[in-house]
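Okay, here's what each chain looks like letter by letter:
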Amino acid sequence: MDRTDAETDWPLDIERTSGRPDSSKVIDLFSDSQTRPTEGMRQAMARAVVGDEQADEDPSTLELCASVAEMLGMEAGVLLPSGTMCNLVAVLALTNPGDEVICDESSHIYCTEAAGSAAIAGVSIRPITSRYGVFDSVDVLRALRSPSRTAPRSRLLSIEQPTNFTGGAVWPLSQLRAVRDIAQHHGLATHLDGARILNAVAATGVTASTFAQGWDSAWLDLTKGLGCPVGAVLCGTRELVQTFWQWKYRLGGAMRQSGVLAAAGLHALEHHVGQAAIDNQNASALHQRLVSRSEFVFDPLKPETNILRFEVLGVRADALVQACLARGVRVRAIDHRYLRAVCHQDVNSNEVEQAADALIDAVATLLGTA
Ligand SMILES: *Cc1c(COP(=O)(O)O)cnc(C)c1O
């Protein structure tokens, strides 16, 4: 792709590059958030025992929060409408306006979330540049500011396990602990964005509670690999969760009979936890089919979890999105160059094979080599 061409075409036409499908038959690799609740999940939701969440009287929500907290090795948890609100509430609870958050430049908290941490929490972000969203303690040291009258106060370290926009990379446990320790040594709070932590667990065999050990806050998304329609659970100490609750309420995230949503989460914890390993495997299978073609360039070279990030030499990402859609497959253009494909429970191994065929055919047509 011609670089000037890409630059003059900025900004991306999001509607076009998102390629919204008009048919439910599309093999949808846009994101693992594109799952539909299963029949069993819908039944669990319909049968949910409910009460008033704001008064701690919704049994299903209480059970879900306790289960996720236990999974992450934390004292308590709170159900929030989205992962985005988990990040925002954690930042609000762990910082003061004018503080600075250290995170990777590709992180969800920095690149999306409509700058909520700046707009609502009043913090600035100190982004770290790294290869795949996985940095080390020297990077943290360099990003830390010396206490001074004029500098922002470095206050919070936030990381993603696994990463999202950099291709689902997994932090090795020792590296995760090293950045946690250096941050805490310098008085920072630590936040672990574990939207897809179960994919990191499936990839490594390390438990979620081991990854989250020693972090102030950690959360799990119910709407990524777990296949729920709504929600995420943010965890921490009992005391910190009190503060999370105040922010949840202030932001309008406190609900009433949230048990209908929590029931989906409980159903997922019982039936869908094993899906992460299948999704990782499917991503690996898709990678194996495509990597044998020299036009497909993967970065990272291999998927560690359920996300593939790649470019196709000589083809614009948005053009490939359109060509794939015409063949019944939806992938996402991250920018002009890179595409993302994410495996999840609504795409089985046969459909992964079909998606590979469609991608190969689309590229051959676009390059005129068909
Ligand atoms: C999806 C995602 C979020 C936001 O979660 P939502 O439930 O979509 O609001 C935050 N961080 C990471 C790493 C994610 O992948």
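Before reading further, recall that the structure is shown in the block above.
Just so it is clear, the structure is predicted and the values come from calculations on it, not from any experiment.

Description of the packing of aromatic side chains
How two aromatic rings sit relative to each other is set out by the distance from centre to centre and by the angle between their planes. The tally for this structure, following the rule as stated, stands at 3 aromatic pairs. Between Phe296 and Phe310 the ring centres are 5.9 Å apart and the planes differ by 50°, which places this aromatic pair in the tilted class. Of this pair, Phe296 sits in strand S9 (residues 296-298) while Phe310 is found in strand S10 (residues 307-312), placing the two residues 14 residues apart along the sequence. In this structure, Phe296 and Phe310 share a single accessibility class: buried. With 5.4 Å between their ring centres and 45° between their planes, Phe298 and Phe310 make a pair best called tilted. Placement of Phe298 in strand S9 and of Phe310 in strand S10 is noted, with a sequence separation of 12 residues between them.

Focus: the sheet that holds strand S4 (residues 124-128)
As summarised here, the arrangement of the 7 strands in space is S2-S8-S7-S6-S5-S3-S4, forming an open sheet in which the pairing is mixed. Of all strands in the sheet, those bounded by a partner on one side alone are strand S2 (76-80) and S4. In this sheet, adjacent strand axes meet at a mean angle of 20° when their direction is disregarded. As judged from the 5 bridges shared by strand S5 (residues 153-160) and strand S6 (residues 189-194), these two strands associate in the parallel manner. Looking across to S6, one finds that Leu156 is bridged to Ala189.

As for the pattern of salt bridges
Counted by the stated rule, this structure contains 17 salt bridges. One salt bridge in this structure joins Asp32 and Arg196, with 2.7 Å as the shortest N-O distance. Here Asp32, found in the loop between strand S1 (27-28) and helix H3 (39-47), pairs with Arg196, found in the loop between S6 and helix H10 (197-204); they are 164 residues apart in sequence, far enough to count as distant. Relative accessible area serves as the criterion here: at 4%, Arg196 is assigned to the buried category. Salt bridges sharing partners connect three or more residues here, namely Arg131, Asp299 and Arg309.

Conventions and cut-offs
- Residues numbered from 1 in each chain as written.
- Predicted model: local features only at pLDDT ≥ 70, side-chain atom pairs only at ≥ 80, totals over all residues.
- Heavy atoms only, no water.
- Phe/Tyr/Trp six-rings, centres within 6.5 Å; stacked < 30°, edge-to-face > 60°.
- Helix = DSSP H or I, 4+ residues; strand = E, 2+ residues; numbered from the N terminus.
- Buried < 20%, exposed > 50% of the residue type's maximum accessible area, 1.4 Å probe, protein only.
- Pairing = 2+ DSSP bridges.
- Axes fitted to C-alpha atoms, helices over the stretch in contact; angles between N-to-C directions.
- Salt bridge = Lys/Arg side-chain N within 4 Å of Asp/Glu carboxyl O.

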